[in-house]
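Single-letter residue listing:
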Amino acid sequence: MFDWPLDWIALLVAFAALAFARRTSDRLAEVQARLAKLEAAPPIAAAPVVAPPLSPLQEPAEAPPMPPPLPELTEPALQPAALASDAAAGQPPLASPPPVPQPAAGFEERIGTRWVVWIGGLTLALGGFFMVRYSIEAGLVGPEVRVALGALFAAALLGAGEWTRRRESISQIAALPIANIPAILTAAGTAVAFATIYAAYALYDFLPPAIAFVLLGVVALGTLAAALLHGPALAGLGLVAAFTTPVLVSTGEPNYWALYIYLAIVTAAAFALARVRLWRWLAMTTIGLSFLWTLPGLDAGIETVAPHVFHVVTGFALAALIVVCGFMFGPAADNDEVEPISSVGLAVYLLGAMLVVLASFHDGLALIGFTLLVAATLAVAWRAPSAAGAVAAAAATVFLVFAEWALRDNPDLLVLPGGALPGMGPNPLGASVTSHLVTAAIFALGFGGSGFLAQGRSHNAAVPVVWSAAGVFTPLALLVALYARIAHLDRSIPFAIVAVVLAAAFAVATEALTRREERPGLSVSIALFATGTLAALALALTFALEKGWLTIALALMSLGTAWIYESRPIPFLRTLAAVFAGLVVLRIGHDPRIVGADVGTTPIVNWLLWGYGVPAASFWGASYLMRRHGDDAPLRAVEAAAILFTTLLAFLEIRHAVNDGDMLAVPSLDEIGLDVCVALALAIGLERLRERSGSIVHNIGAVILTGFAGGATVLGLLMFENPMISDVAIKGGLLNILILAYAFPAVLMLLLSYAVAGRRPPGYGNTLAAGALILALSYVSLEIRRIYHGPDLTAGPTSAAEQYTYSIAWLAFGVVLLGIGLVEQSQRARLASAIVIALTILKAFLVDMSALTGVWRALSFIGLGLVLVAIGWLYQKVLFRRQQQVPPAQPAQ
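Cut-off values and rules
- Residues numbered from 1 in each chain as written.
- Predicted model: local features only at pLDDT ≥ 70, side-chain atom pairs only at ≥ 80, totals over all residues.
- Heavy atoms only, no water.
- Helix = DSSP H or I, 4+ residues; strand = E, 2+ residues; numbered from the N terminus.
- Expected span 1.5 Å × (residues − 1).
- Buried < 20%, exposed > 50% of the residue type's maximum accessible area, 1.4 Å probe, protein only.
- Contact = heavy atoms within 4.5 Å.
- Phe/Tyr/Trp six-rings, centres within 6.5 Å; stacked < 30°, edge-to-face > 60°.
- Axes fitted to C-alpha atoms, helices over the stretch in contact; angles between N-to-C directions.
- Parallel < 35°, antiparallel > 145°, perpendicular 65-115°, else oblique.
- Nonpolar A, V, L, I, M, F, W, Y, C, P; charged D, E, K, R; others polar.
- pLDDT = per-residue confidence, 0-100.

Topic: helix α18 (residues 549-567)
Okay, so step 1: With 19 residues, α18 should cover 27 Å at 1.5 Å per step; its first-to-last C-alpha distance of 27 Å lies within 8% of that length.
Okay, so step 2: Among the residues of α18, those classed as buried are Thr-551, Ile-552, Ala-553, Leu-554, Ala-555, Met-557, Ser-558, Gly-560, Thr-561, Ala-562, Ile-564 and Tyr-565.
Okay, so step 3: Taken together, the buried residues of α18 touch α17 (522-544), α19 (571-590), α20 (607-627) and α21 (633-658).

Pasting the structure below:
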């Protein structure tokens, strides 16, 4: 009973909204007309000030002479009059004033011109849907009538959109770019038409799939065509409708040929619309949706390869003809700039062709289609520099295709700690080796030749660099993939010969480019071809020698790059030398033994010497050559690699020699002692080297090695592997492991303290001297312990004679240090002597007094007292006398 009043209220509100919208539209038209008149009026210039006109009875009188202007009367307020008089005297008129800025749209304008239109269009579309739904629920009309009414309503909306567009065109009212009434009506009509056809097909079975597919496609294409008149919103609607039509209409057995022919028509229409209206977003959206339609059916079998190849080839051709700037029918190009849409568009279709090849297990037709697209990419990019970015994408997809082919038939190359990757085993459908060899040769010649010939053809440096990078990378990548597939990463003289030929070709290209006049990007391209020469030579060594030689070859490439920089000072070569050093570091990070368990058992002369010694020498040589031309980041990287490999060579050789070739053994006392000796020796060398080089790498390397030696001394020698604590057996006589573990490190640490004296903070050197003193005392004490207890220092109690021997030895050691300090005039040695003697005194009063008995106690204190008295005498008679200043001579009287 309340339905009728509500309906009347809704009707009244609708009429009120219509009246309000009409009034707002009239006011807007009036304002636009007034603005048009103002803009069409000529500009108003400042007019000169003239006298009032004379009456017919008056005669013109002679104007009195003007008095000269006074300086104090010249004010800014008088300047406009002066300008006007100049204009009257024949001066050029003033420029027209700038246009009046348009005021921002107010709330009423936004309501009446935008929101009402958008809501109205949405309401119309929903109204059509609700009308069909209401007719179904109420059972008012049959299915045929419902479809007919939907079609009539769609036609009415489309007709209204065209009528309003023509009315606006006739009345010369500019359509609002945000809320275009004709576009909204047309969009609502196409949406209703699309829904009506789909309902006739899916709900009522009035249309067979083929006819429904064609009708929906016609609506979508018509929407795209109407977007030429109605703007981008309608284009987006039509594009989405066109690409979703195959999803809405489906049959039991998919027909990929019909699908891809339809998508080719839709893609061509969308590209053409994007080209005419220069809508970049429309072109990219079309490319993305077209690529997505490549994915369904890839795993359906060999029978779907042909339509998939047709799809990617057709899409690529349409993109090249219509989208690529500066090529055929594409937009104009901006000089030689690399345009993103042109490059990405071709790259996307190359990616689709690559997926077809991989999914079909390198079917012959798929491989032919992929080869044609790669060749077409090179041709298009050669003609249009805007698509040069697609050359890099082509090189990447070529490598991925051949890399997948090599790995698929060599599953052992993918063995990881968790096992081989799933789905990567051998497949009987793999393509033949012959076809891949021929295809690889074509790709190598195409990329390499075009990369060389493209130099000097562009004023944009990025274009030749992309060409040269692809020309160097692709042949090398293909050679590696073929080697992995055919030779299974074993020695292969034929592949080594091919690598040498490739290196010669790159060397010839490098020399030819060096003789040319300077052009944008030429120096980088020369560096890339020189890099290719070194890389090919390294591969030749790898192919001809054992696997471990790859590390050596890469290290030698760093030295070779630095040597080439001597004669061809291209800045990029310094960075390249650092890159090769980084690759070698990553290589040893994967397996520090380089050749696995086949290191060998011979001490020193084993694979570690070649795997670490040759790279270390190579990096030292490269750093020497590079330092002659300045200090920069690449040089520091190479210097760091040289220090790292030298240190690792020494440490690993020690581990190999001490543990009889077992590289996984637990560190022992002798190994830690030797490591500390090596670290201290290298730190001394780096301290001396940094005085001449001033390198921050040498500086930091010395500090790191010193810190490592200190940490290994405290944790290893004095704590965990200390023979007084652990069960380490000290075998032999006086020449035993204690000399390597404590005596030699003490001497080296003392030498290092003198090496840093005056060059680093005093605390740095004093800490090293204290460490040397601790190690020396430890060596003396441990040797005494070994004399009394044999190899096992932890066995048996400590006797009185042993305690007395400690005191005498410490005291003698302090006296020796004092003598050295007096002879060499070293305050540090005298201070060390004082510390040792103080420790001896403390031991005498805290240990000997309670632990020693009888004659041993008396001898201990007697000896200590005599030594202390002698030390006092030395200080008074020798040191003090030397420190006395000679009084100045008295002048003669």
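Here's the deal with the packing of aromatic side chains
Okay, so step 1: On inspection of all chains with the given rule, the structure shows 15 aromatic pairs.
Okay, so step 2: Considering the side-chain rings of Phe-370 and Phe-443, the 6.1 Å spacing of their centres and the 80 degrees angle between planes classify their relative orientation as edge-to-face. Note that Phe-370 is positioned in helix α12 (residues 364-383) and Phe-443 in helix α14 (residues 433-453), a separation of 73 residues in sequence. Here the two residues Phe-370 and Phe-443 agree in accessibility, since each one is buried.

Some details on helix α25 (residues 762-789)
Okay, so step 1: For α25, with 28 residues, the first-to-last C-alpha span of 40 Å sits near the 40 Å given by 1.5 Å per residue.
Okay, so step 2: Downstream of α25 by a residue or two, Gly-790 has a phi angle that is positive, lying close to 80 degrees.

A look at the packing of helix α13 (residues 389-408) against helix α15 (residues 462-487)
Pairs of packed helices are described in terms of their axes, by the angle between the two and the distance that separates them.
Okay, so step 1: Where α13 meets α15, the axes come as close as 9 Å, and the angle between the chain directions of the two elements is 5 degrees. Relative to α15, the element α13 is oriented roughly parallel. Packed against α13, whose contacting residues are Val-391, Ala-392, Ala-395, Val-398, Phe-399, Phe-402, Ala-403, Trp-405 and Ala-406, the element α15 presents Val-466, Trp-467, Ala-470, Phe-473, Thr-474, Ala-477, Leu-478, Ala-481, Leu-482, Ala-484 and Arg-485 at the interface.
Okay, so step 2: Of the residues belonging to the contact of α13 with α15, the class tally is 18 nonpolar, 1 polar and 1 charged.

Examining unusual backbone geometry
Okay, so step 1: Non-glycine residue Leu-278 carries a positive phi angle of around 55 degrees.
Okay, so step 2: Structurally, Leu-278 can be placed in the loop between α8 (256-277) and α9 (280-292).
Okay, so step 3: Among the residues examined, Leu-278 registers a relative accessible area of 54% and is labelled exposed.
Okay, so step 4: A positive phi angle, close to 55 degrees, is found at Met-328, a residue other than glycine.
Okay, so step 5: With respect to the helices, strands and loops of the structure, Met-328 is situated in the loop between α10 (305-323) and α11 (340-359).
Okay, so step 6: You can call Met-328 exposed: its relative accessible area is 55%.

Focus on the confidence of the model for the protein chain
Okay, so step 1: With 65% of its residues at a pLDDT of 70 or more, the protein chain shows a mean pLDDT of 77.
Okay, so step 2: Contacts for the low-pLDDT stretch residues 1-25, under 50 throughout, to residues beyond four places or in other chains number 5 contacts.
Okay, so step 3: pLDDT under 50 marks residues 414-431. Its contacts with residues more than four places away, or in other chains, come to 26 contacts.

Side note on the packing of α15 against α17
Okay, so step 1: Direction vectors running N to C along α15 and α17 enclose 10 degrees, while the axes themselves pass 9 Å from each other. Taken together, α15 and α17 sit at an angle that is classed as roughly parallel. Residues Pro-464, Val-465, Ser-468, Ala-469, Val-472, Leu-476, Leu-479, Val-480 and Tyr-483 of α15 lie in contact with α17, whose contacting residues are Val-524, Ser-525, Leu-528, Phe-529, Gly-532, Ala-535, Ala-536, Leu-539, Thr-542 and Phe-543.
Okay, so step 2: Of the residues assigned to the contact of α15 with α17, the class counts are 15 nonpolar, 4 polar and no charged.

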